[in-house]
Amino acid sequence: MKIVVVGAGIGGMLVAEKLGRLGFDVVVYEKANSLDAMRYDWHDDVSPVVFEELGLTIPKESAPKRSWTFCSPYEKVTREFHQDENCPDLSIERRPLNKMLYDRASKHATFIFGKTVTAPVLEGDRVVGVVVDGEEVRCDLVVDSAGAYSPVRTNLPVKLGVSSLSKNEVFEAYRAFYRRAEGSPTPKYTNKVYMKHLGELGISWTILDHDPSQVNVLVGLVGGLDDDVLEKSLAFMREHNPILGDELVRGGYKVIIPVRYPATMMVADGYVAIGDSAFMTIPLLGSGIASSLWAGDILYRTVKANMDKGVKDLFDKKHLWAYQVGVYEKFGAKHLGVDVLKRWLLTQSNEMVDWLFESKVLSNTDLQKVASGNLVTITPAAAIEKVVGVGLKNLPTLLKMNTMVMKSHKGERIGKGIPKKYDERKVSAWERRVEALYR
């Protein structure tokens, strides 16, 4: 049986290796001309736990992440956030990670670079292949690892029910590494993350890299980032961060990153989405490496379990559904809850965000949880402590925040309530409960 993986993404390469090991004929089509020509020339923060769980080697170029400082929109308030020293996240360089995954996968799958997939091929309601540079390539399963605006997913018929992505559910993000300004002293806060930077719906950061000669920069806005906003953001960060020089070292371009809960329908007959194609990023900060790796392993285990049971129609939606259930049980339900909080936070006034950081209503532990894709929990004792801390004057604001915290936990419960077996009526009802969170 033949499997086509569209895009050499993180999850796509892992699943190409694992399904190839099972004996499938796996072909990966990547539009970049080579592995080195693939975009995303930077590093992202990843929990080392995923490498331990999946038996993967951590790229030697990785480095422990430093503690961050969260800043309010105009840096009126700064809050240092101390990460868990017992298990700190790692800054994982993407290119060495890509090379490691490619080296593993290429022993069991065929990689074809410089080929553009433009659409799916369908027979009735089943995906039976893809169009590659104008020619049909038939297969038994398409694994869609082609990114947020995948040409496969976006060209599927609406009747298949595969989730779509709206403009307000993506960051257009500028990523760049600049040369550190010559002679600049090391600042007190080396890793600054701006929430709602300059009052915009998004985040920015200025981070002194683990290579201290470089400064890691991001400017990301919901829906779209125009050049004027980008220039204003960079000018502000240079004014407030003297380490940030003008010489571009690497990166320096915009990318689209989904920042929402995972797709509530990521499978169809002959089709499965993974990684950014299925919106598998931490909703607040956008890193999707760990999620994509976990998803690749879950898809492999789903297919293997069905093979062991002697299932004949391996790639029918009803049998692929176990993959989606596994995704929601592993991380999707938590990301659903975090997304509720993220959307609420980005709609608050600049003054409200100032107050949230200044009042310390959000503890270090709270910030640590949200940044890593976990939920904030306010116990009755903690609620009393927060009320005493903020005073009665700000009690209404605290109550609103508490309502959103409870709603985020409701979102996680709904996510975990995903039907364990595919039943169209039950799945549709579950999707409606998810959508109701955002009305």
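This one's a predicted model, so the numbers in the text were calculated from it and none came from an experiment.

> I'm lost on the sheet that holds strand 8 (residues 110–113) in this one. Help?
Hydrogen bonds along the backbone pair up the strands of a sheet, which may run parallel or antiparallel. Ordered in space as 8-2-1-12-19-18, the 6 strands form an open sheet in which the pairing is mixed. Lying at the two open borders of the sheet, with one neighbouring strand each, are strand 8 and strand 18 (267–268). Lying over the sheet, helix 1 (residues 10–21) contacts strand 1 (2–6), strand 2 (25–30), strand 8 and strand 12 (141–144), oriented at roughly 160 degrees with respect to strand 2.

> Even after reading the chapter, I still don't get the environment of Leu221, so can you show me in this structure?
The topology assignment puts Leu221 in strand 16 (residues 214–222). For the pair formed by Leu221 and His197, sequence separation is 24 residues and the distance between their alpha carbons is 9.1 Å. Excluding residues that lie within four positions of it along the chain, Leu221 makes contacts with Val170, Phe171, Glu172, Glu200, Leu201, Gly202 and Val229.

> What's the story with the environment of Asp366 in this structure? I'm lost.
By secondary structure assignment, the location of Asp366 is in helix 8 (residues 364–371). With relative accessibility at 5%, the residue Asp366 sits in the buried group. Linking Asp366 and Thr264, residues 102 residues apart in sequence, is a C-alpha distance of 27 Å.

> I would appreciate a short explanation of the sheet that holds strand 15 (residues 202–208) in the present structure.
Taken together, 7 strands build an open sheet; the order of strands is 6-5-14-15-16-13-17 and the sheet is mixed. Each edge of the open sheet carries a strand with a single partner, namely strand 6 (78–81) and strand 17 (244–258). Pairs of neighbouring strands in the sheet enclose a mean axial angle of 15 degrees, with direction left out of account. Here strand 14 (residues 191–195) runs beside strand 15; their pairing, made up of 5 bridges, is antiparallel.

> Hey, could you run me through helix 3 (residues 94–105) in this one?
Between the first and last C-alpha of helix 3 there are 16 Å, a value that for 12 residues agrees with the 16 Å anticipated at 1.5 Å per step. Buried residues of helix 3: Arg94, Pro96, Leu97, Asn98, Met100, Leu101 and Ala105, and no others. Of the surrounding elements, those touching the buried residues of helix 3 are helix 1, strand 3 (43–46), helix 2 (49–54), strand 7 (90–93), strand 8 and helix 5 (289–308).

> For this particular structure, what's the right way to read the confidence of the model for the chain?
Any residue range with low pLDDT should be treated as having predicted coordinates unsuitable for detailed reading. The share of residues in the chain with pLDDT of 70 or more is 91%, and the mean pLDDT across the chain is 90. Scored below 50 in pLDDT, residues 380–384 makes 1 contact in the model with residues more than four places away or belonging to other chains.

> Is there a simple way to explain the side chain of Asn216 in this structure?
Looking at the secondary structure, you find Asn216 in strand 16. Here Asn216 falls in the buried class, since its relative accessible area comes to 3%. Side-chain polar atoms of Asn216 contact the side chain of Arg175, separated by 3.2 Å. Side-chain polar atoms of Asn216 contact the side chain of Trp205, separated by 3.2 Å. If near-sequence neighbours (up to four positions away) are discounted, Asn216 is found in contact with His43, Arg175, Ala176, Phe177, Trp205, Thr206, Ile207 and Asp209.

> Mind showing me how you'd approach the environment of Gly9 here?
Considering the arrangement of structural elements, one finds Gly9 in the loop between strand 1 and helix 1. Look at Gly9 and you get buried, because its relative accessible area is 19%.

> Explanation requested: the pattern of salt bridges in the structure shown.
If charged atoms from side chains of opposite charge come close, those side chains can pair. Counted under the stated rule, the structure contains 29 salt bridges. Two residues, Glu17 and Arg21, come together in a salt bridge whose shortest N-O distance is 2.9 Å. Here Glu17 pairs with Arg21, and both are found in helix 1, just 4 residues apart, close to one helical turn. Between Glu53 and Lys330 there is a salt bridge; the shortest N-O distance is 3.0 Å.

> How should the packing of aromatic side chains be read in this particular structure?
The geometry of an aromatic ring pair is captured by the separation of the ring centres together with the interplanar angle, meaning the angle of the planes. One pass over the structure, following the stated rule, counts 12 aromatic pairs. Ring centres 5.5 Å apart and planes at 40 degrees place the aromatic pair Trp42 and Tyr253 in the tilted group. Of this pair, Trp42 sits in the loop between strand 2 and strand 3 while Tyr253 sits in strand 17, placing them 211 residues apart in sequence. Look at Trp42 and you get buried, because its relative accessible area is 2%. Of the aromatic side chains, those joined through ring pairs into one cluster are Tyr40, Trp42 and Tyr253. The side chain of Arg250 reaches across the aromatic face of Phe177, ending 4.1 Å from its centre. Over the ring of Tyr438 we find Arg343; its NZ or CZ atom is 4.3 Å from the centre of that ring.

Reading the values: rules and limits
- Residues numbered from 1 in each chain as written.
- Predicted model: local features only at pLDDT ≥ 70, side-chain atom pairs only at ≥ 80, totals over all residues.
- Heavy atoms only, no water.
- Pairing = 2+ DSSP bridges.
- Helix = DSSP H or I, 4+ residues; strand = E, 2+ residues; numbered from the N terminus.
- Contact = heavy atoms within 4.5 Å.
- Axes fitted to C-alpha atoms, helices over the stretch in contact; angles between N-to-C directions.
- Buried < 20%, exposed > 50% of the residue type's maximum accessible area, 1.4 Å probe, protein only.
- Expected span 1.5 Å × (residues − 1).
- pLDDT = per-residue confidence, 0-100.
- Polar contact = N/O pair within 3.5 Å; in protein donor to acceptor, adjacent residues only side chain to side chain.
- Salt bridge = Lys/Arg side-chain N within 4 Å of Asp/Glu carboxyl O.
- Phe/Tyr/Trp six-rings, centres within 6.5 Å; stacked < 30°, edge-to-face > 60°.
- Lys NZ or Arg CZ within 6 Å of the ring centre and 35° of its normal.

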